[in-house]
Amino acid sequence: MRKIRDSAAAPMACLVMFLLVSQIPISSKSALYATTTSILSKGKYKNEKVIGRQPAAKQINCDRSHVQYDICTINGRTVLDPTTTTFFLVEPTQAIVEKVRPYPRKWEASVMGRIKEVSLISGPPSPSCHVHHTAPALAFSAGGYTGNVFHDFNDGFIPLFITVKTIFPDGNFVLVVQNCRRWWESKYKELIHRLSKHPMVNLDEANATHCFPYAHVGLISHGFVTINATLMPSLLNLTHFRGFLDSAYARNHPSPSPSPSTTRPRLVVVTRSGSGGRCILNQDDVNDAAREVGFDVTLFHPTPTVSLREAYTVINSSHAMIGVHGAALTHLLFLRPGSVFMQVVPLGLAWVAEACFGHPARELGVQYMEYKIGKEESSLADKYGNGDAMVNDPTGVRGKGWPTEIMKVYLKEQNIKLDLVRFRRHLEEAYDKAYTFMQKEG
């Protein structure tokens, strides 16, 4: 049995986001998914797609019509002063000041308060330029929930992919990143280099001014781990994002594949431990059961020590993946289409399990399975009793909101002891699917 470790954290904010967005009026939801691109048919930048619904003549445009994000454009030569996080228009014709927090969780005030504003100014004289760029800038924040692998992709690289493919499909732009911690730059260097042809500007470490022919500030998001093909050039979707991951971790940066088993499908078991909750208390018995039905088992335990390329190599070469709902399941993005993904769903988390991982898995062409635990398999039954509403009626307890104290019960206080007889039937079904996939795809 092999083990591999990588980083993840509990997806609390995912739960809050799903609940709030699900209560947004239909008219607002329509705005969330409305097309955001317009093309300047005249002028110096006629081939540039500009986000926003403002008149094209304005030198600074901001589109603030969306639930999840704001995005602004400065349409002309601009100088970035990193010490004030400000883009100055070099040749202003009108006085305009706009401010934007370039992180796509606009609806969540608590996290947006930690995102530093970027200013776009037309009017006062711009500072002199020290570093000249021939390509435009795309500025965003890698702050917020960055560090949780779910949010790294959901709020980071998927919106970044959408924005780049919408505005800069040729890759001719300069990334300007706020809250750019060195671990983030190192961990995601393959993805960063695949997106842009140019070196990145770390806004937190830069002191010199930078000038660009124009700039976009902010990222476009289509929702939970998804890409709405109807809003994308050439109908790009989540499978194209997975192809982008392939290009970063497989084709241009090959790694040795794990030793293949000639007769046994390879199963990655995503494990949890510690005080984060949702641990499988009889994990060893589950691993033994998986081996008994015919799987070659690899344990994948989330800690910050292993590169994404190594995680990609293990998961992409597998035939199936199983794990309890949590941020580490974001690695399903590395599964090959046709492989098997089984999500173990704790009490009270069925709705968010579907939103965060079930729906994306099906979008990716993965064979998705769910194992919804019974109340007797949850440690909450021992703590509260089988007759308590926390165990019998999680939906009623949650009500129309998602109070922090209730959220913590289902996420942090709940562990799982799987019914091995019932779970084995699911393992057998997963094995049959994975074996068929292995015979077809290798």
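Above this text you will find the structure in question.
Parameters and conventions
Residues numbered from 1 in each chain as written. Predicted model: local features only at pLDDT ≥ 70, side-chain atom pairs only at ≥ 80, totals over all residues. Heavy atoms only, no water. Helix = DSSP H or I, 4+ residues; strand = E, 2+ residues; numbered from the N terminus. Buried < 20%, exposed > 50% of the residue type's maximum accessible area, 1.4 Å probe, protein only. Contact = heavy atoms within 4.5 Å. Areas by Shrake-Rupley, 256 points an atom, 1.4 Å probe, with all protein chains shown as cover. Disulfide = S-S within 2.5 Å. Pairing = 2+ DSSP bridges. Core = buried A, V, L, I, M, F, W, Y, C linked by side-chain atoms within 4.5 Å. Salt bridge = Lys/Arg side-chain N within 4 Å of Asp/Glu carboxyl O. Arc of directions from axis to C-beta. Phe/Tyr/Trp six-rings, centres within 6.5 Å; stacked < 30°, edge-to-face > 60°. Lys NZ or Arg CZ within 6 Å of the ring centre and 35° of its normal.

Novice: Hey, could you run me through the overall build of the chain in this one?
Specialist: Summing up its helical and strand segments, the chain has 15 helices and 20 strands in all. The buried share of the chain, reckoned over its 442 residues, is 59%. In the chain, the share of contacts with a sequence separation of at least 24, taken over all contacts with a separation of at least 6, comes to 77%. Carbon and sulfur atoms provide 52% of the accessible area of the chain, an area that totals close to 17,800 Å².

Novice: I would appreciate a short explanation of the state of the cysteines in the present structure.
Specialist: Two cysteines joined by a covalent bond between their sulfur atoms form a disulfide. Scanning the entire structure with this criterion turns up 2 disulfides. Here Cys62 is linked by a disulfide to Cys72, with a sulfur-sulfur distance of 2.0 Å. Disulfide Cys62-Cys72: torsion about the S-S bond near 110 degrees, hence right-handed. Note that Cys62 is positioned in strand E4 (residues 60-63) and Cys72 in strand E5 (residues 71-74), a separation of 10 residues in sequence.

Novice: I'm lost on the environment of Leu308 in this one. Help?
Specialist: With respect to the secondary-structure elements, Leu308 resides in helix H9 (residues 308-316). For the pair formed by Leu308 and Phe334, sequence separation is 26 residues and the distance between their alpha carbons is 9.8 Å.

Novice: Hey, could you run me through the sheet that holds strand E6 (residues 78-81) in this one?
Specialist: Backbone-to-backbone hydrogen bonds pair the strands of a sheet. The strands run either parallel or antiparallel. Reading across from one edge, E8-E9-E7-E6-E14-E10 is the order of the 6 strands in this open sheet, with mixed pairing throughout. One side of each edge strand has no neighbouring strand; the edge strands of this open sheet are strand E8 (96-100) and strand E10 (131-132). One ladder, built from 2 bridges, connects E10 with strand E14 (residues 210-212); its direction is parallel. By the bridge assignment, Val131 is partnered in E14 with His210.

Novice: What exactly am I supposed to notice about the nonpolar core here?
Specialist: As a rule of thumb, soluble globular proteins bury nonpolar side chains together. Grouped together as the largest cluster of nonpolar side chains are 103 residues, with contacts concentrated most on Phe153, Phe157, Trp184, Tyr188, Phe241, Phe295 and Phe341. Tallying contributions element by element places helix H4 (residues 149-167) first for this core, with 10 residues. Residue contacts for Tyr188: discarding those within four places in its chain leaves Val149, Asp152, Phe153, Phe157, Trp183, Tyr249 and Leu308. Ile60, Ala139, Ala215 and Val217 belong to the second largest nonpolar core, which has 22 residues in total.

Novice: What should I look at first to understand H9 in this one?
Specialist: Residue pairs spaced three or four apart in an α-helix point in one direction, given the helix's 3.6 residues per turn. Most of H9 sits out of view: 7 of its 9 residues are buried. For H9, the full list of buried residues reads Leu308, Ala311, Tyr312, Thr313, Val314, Ile315 and Asn316.

Novice: Explain the pattern of salt bridges to me, please; I cannot follow it from the model alone.
Specialist: On inspection of all chains with the given rule, the structure shows 17 salt bridges. In this structure, Arg291 and Asp288 form a salt bridge, with 2.2 Å as the shortest nitrogen-oxygen distance. On the criterion of helical spacing, the pair formed by Arg291 and Asp288 is a turn pair, its members being 3 residues apart in helix H8 (residues 283-293). A residue is classified by how much of its surface remains accessible, and Arg291, at 33% relative accessible area, is partly exposed. Given a relative accessible area of 29%, Asp288 falls into the partly exposed group. For Glu428, the salt bridge goes to Arg424, with nearest N and O atoms at 3.5 Å. Here Glu428 pairs with Arg424, and both are found in helix H15 (residues 420-441), just 4 residues apart, close to one helical turn. Through salt bridges with shared partners, a single network forms among Arg64, Asp70, Glu98 and Lys106.

Novice: Just to check I follow, could you spell out H8 for this structure?
Specialist: Inspection of H8 places Gln283, Val286, Asn287, Ala289, Ala290 and Val293 among the buried residues, and these make up the whole buried set. Seen along its axis, H8 keeps its buried residues to an arc of 160 degrees; they face one direction. Exposed side of H8, more than 90 degrees from the buried face: Asp284 and Glu292 are the residues found there. Taken together, the buried residues of H8 touch strand E16 (266-270), strand E17 (296-302) and H15.

Novice: What is the right way to look at the pairing of E5 in this model?
Specialist: Side-chain positions along a regular strand alternate between the two faces of the sheet. A two-sided burial pattern is seen for E5, the buried positions comprising Ile71 and Thr73 on one face and Cys72 and Ile74 on the other. Both E4 and E5 contribute to a ladder of 4 bridges, which runs antiparallel. Paired with Ile60 across the strands is Ile74, a residue of E5. Sheet topology places E5 next to strand E15 (residues 215-217); 3 bridges connect them, and they run antiparallel. Bridged to Ile74 within E15 is Ala215.

Novice: So what exactly am I meant to see when it comes to the packing of aromatic side chains here?
Specialist: Pairs of aromatic rings are described using the distance from one ring centre to the other and the angle between the two planes. Summed over all chains, the structure comprises 21 aromatic pairs. Pairing Phe150 with Phe224 gives two aromatic rings, centres 6.5 Å apart and planes at 45 degrees, and the pair type is tilted. With Phe150 in helix H4 and Phe224 in the loop between E15 and helix H7 (238-251), this residue pair connects regions lying 74 residues apart in the sequence. With centroids separated by 5.5 Å and ring planes inclined at 40 degrees, the aromatic side chains of Phe161 and Phe244 adopt a geometry described as tilted. With Phe161 in helix H4 and Phe244 in helix H7, this pair connects stretches of sequence that are 83 residues apart. Three or more aromatic residues link up through ring pairs in this structure, and these residues are Phe140, Phe153, Phe157, Phe161, Trp184, Tyr188, Phe241 and Phe244. For the cation-ring pair, Arg114 lies above Tyr145, with the distance from its terminal atom to the ring centre recorded as 5.8 Å. The aromatic ring of Trp351 is capped on one face by Arg398, whose charged end is 4.4 Å from the ring centroid.

Novice: Teacher, can you tell me more about the sheet that holds strand E11 (residues 137-141) here?
Specialist: The mixed open sheet is built from 6 strands, whose spatial order is E4-E5-E15-E11-E12-E13. Each edge of the open sheet is held by one strand with a lone partner, namely E4 and strand E13 (201-202).

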